[in-house]
Amino acid sequence: MNVSSKPERTRLSAEDWELAALQMIADQGVGALAVEALARHLGVTKGSFYWHFRTREALLNAAMERWEQYGEREIIGQIEQIADPRQRLPELFRRVAHELQPHRVYAALLKALDHPQVVPVMARVSQRRMEFLTTVYREAGLPPAQALNRARLTYAAYVGFLQLNFTLGLPRLSHEEFDAYVEHMIATLTPA
């Protein structure tokens with residue numbers, strides 16, 4: 001039998017499953033994450049899933065870890081490389097403002113804080129982001145207490161904006177309005 005005459009089957013990596021899981025979480029929430037639905041979406045059998053993961057919970061953990069690492073590597077890691085601490089905050093705000101998919105995942109995870117796998121990830125991510133913001137504010141010249149308070153305010157504004165937009169669908173901003181909002185945040189939250 002000539003193997004090359006068979007239609008080639010799609011081979012998915014663990015990364016493919018994780019990215020599809022993150023998309024499903026962003027679109028439908030953690031509770032909607034299901035192996036059968038993902039397999040259907042990806043056009044493969046469930047057997048492909050079990051090649052990489054033992055359970056749905058293992059996939060959820062791997063997907064959240066991928067999301068968390070993206071935030072560390074692509075956002076925090078790159079912002080930390082900016083030499084001038086006063087330039088880090090504006091760049092952080094502008095970069096984060098245009099990263100839609102990670103925000104949609106974050107908002108979906110916020111809605112799932114009653115899920116035992118989600119809580120430790122969100123606690124760890126929030127703690128790391130608060131530490132990062134506090135450090136950036138300290139390096140920009142704020143005293144420790146002010147840096148911590150400004151970091152809290154900044155993070156609360158971020159989470160609040162996500163809740164308004166992804167949970168409540170408010171406010172509906174045009175691209176111009178959103179860009180103006182980001183610039184307002186930069187002017188308001190960046191030390192002079």
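Note that this is a predicted model, so its numbers are computed, not measured.

A word on the side chain of R129
Mapping R129 onto the fold places it in helix 7 (residues 118-139). Of the buried charged residues, R129 lacks a salt bridge, with E72 as the closest side chain of opposite charge at 6.8 Å. What R129 contacts, discounting residues up to four positions off in sequence, is W67, I76, Y106, Y155 and Y158.

With respect to the packing of aromatic side chains
Note on aromatic pairs: each is described by the distance of the centres and the angle between the planes. The full count for this structure, using the stated rule, is 8 aromatic pairs. Ring plane angle 85° and centroid distance 4.8 Å describe the contact between F49 and Y50, whose orientation is recorded as edge-to-face. Judged by its relative accessible area of 0%, F49 is buried. Plain terms: the ring middles of F161 and F178 are 5.9 Å apart, the flat faces sit at 40° to each other, and that makes the pair tilted. With F161 in helix 8 (residues 144-167) and F178 in helix 9 (residues 175-189), this residue pair connects regions lying 17 residues apart in the sequence. Among the residues examined, F161 registers a relative accessible area of 16% and is labelled buried. Members of the aromatic cluster, each reached through a chain of ring pairs, are W17, F49, Y50 and F53.

Thresholds applied
- Residues numbered from 1 in each chain as written.
- Predicted model: local features only at pLDDT ≥ 70, side-chain atom pairs only at ≥ 80, totals over all residues.
- Heavy atoms only, no water.
- Helix = DSSP H or I, 4+ residues; strand = E, 2+ residues; numbered from the N terminus.
- Buried < 20%, exposed > 50% of the residue type's maximum accessible area, 1.4 Å probe, protein only.
- Lys, Arg positive; Asp, Glu negative; His and termini not counted.
- Salt bridge = Lys/Arg side-chain N within 4 Å of Asp/Glu carboxyl O.
- Contact = heavy atoms within 4.5 Å.
- Phe/Tyr/Trp six-rings, centres within 6.5 Å; stacked < 30°, edge-to-face > 60°.

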